[in-house]
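Examining the three-dimensional arrangement
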Amino acid sequence: MNLDVRGVNVPISRAVEGHVERRLSASLQRFFGRVERVTVRLMDLNGPRGGIDKRVRVAVGIAGAPDVVVQESSPDLYHAIDAAASRAKRSVARVI
């Protein structure tokens, strides 16, 4: 599985990148044979103003099936990552 993590207006620390890798690896473990790539975009929509502004977009490329794209928003980046990983797991299971 090829994992690409990038931030848009969000600095990506090693802790955040490690959390993304752990959560997505655990969520998509049973689909490793079919998942070709996972692209994660972490965004801060409102900047320093606060609010529900952390968005995580996960795109999962699956061999022989259309890509699965999910988005989650939350005031906490780690919560948004966890929720997006959970939704990606359910969505990939439906497609496969």
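Relevant structure appears above.
The next subject is helix H1 (residues 14-27). Helix length check: H1 (14 residues) gives 20 Å between terminal C-alpha atoms against 20 Å at 1.5 Å per residue, within 8%. Buried within H1 are the following residues: Val16, Gly18, His19, Val20, Leu24 and Ser27. Check the buried side of H1 and you find it contacts strand S1 (2-8), strand S2 (35-44), strand S3 (54-62) and helix H2 (77-95).

Glancing now at the pattern of salt bridges. Taken as a whole and assessed by the stated rule, the structure comprises eight salt bridges. One salt bridge in this structure joins Arg41 and Asp4, with 3.3 Å as the shortest N-O distance. Placement of the pair is Arg41 in strand S2 and Asp4 in strand S1, with a sequence separation of 37 residues. For Asp4, a relative accessible area of 24% puts it in the partly exposed group. The salt bridge involving Asp82 is made with Arg23; its shortest N-O contact spans 3.1 Å. A residue pair is termed long-range when its members are at least 10 positions apart, and Asp82 in helix H2 and Arg23 in helix H1 qualify at 59 residues.

With that settled, the discussion passes to the sheet that holds S2. Pairing between sheet strands relies on hydrogen bonds along the backbone, with the strands arranged either parallel or antiparallel. With mixed pairing, four strands are arranged side by side in an open sheet as S1-S2-S3-S4. One side of each edge strand has no neighbouring strand; the edge strands of this open sheet are S1 and strand S4 (68-74). Strand-to-strand, the axes of this sheet are offset by a mean angle of 15 degrees, without reference to chain direction. Where S1 lies against S2, seven bridges are found, and the strand directions are parallel. Residue pairing in the sheet places Val8 in a bridge with Met43 of S2. Along the sheet, H1 contacts S1, S2 and S3; its crossing angle with S2, the most-contacted strand, is approximately 140 degrees. The strands touched by H2 within the sheet are S2, S3 and S4, with S4 carrying the most contacts at an inclination of about 155 degrees.

Conventions and cut-offs
- Within any chain, residue numbers begin from 1 and follow the written order of that chain's sequence.
- Only residues with pLDDT of 70 or above have their local features reported here, since the model is predicted, and side-chain atom pairs are shown and tallied only from 80 upward, although totals for entire chains, interfaces and linings are computed over all residues.
- In computing side-chain properties, one takes all heavy atoms of the structure into account and sets aside hydrogens as well as water.
- Secondary structure follows DSSP: runs of H or I at least 4 residues long count as helices, runs of E at least 2 residues long count as strands, and numbering of each begins at the N terminus.
- Residue count minus one, scaled by 1.5 Å, sets the expected span of a helix.
- To sort residues, take the accessible area from a 1.4 Å probe on protein chains only and compare it with the maximum for the residue type: under 20% means buried, over 50% means exposed, and anything in between is partly exposed.
- Here a residue-residue contact requires only that any non-hydrogen atoms of the pair lie within 4.5 Å.
- Throughout this description, the term salt bridge denotes a Lys or Arg side-chain nitrogen within 4 Å of a carboxyl oxygen of Asp or Glu.
- Note: two strands are recorded as paired if DSSP finds a minimum of 2 bridges between them.
- To get an axis, fit a line to the C-alpha atoms, keeping to the stretch in contact for a helix; angles then go from 0 to 180 degrees between the N-to-C directions.

Bear in mind that shape data such as this cannot, by itself, settle questions of function.
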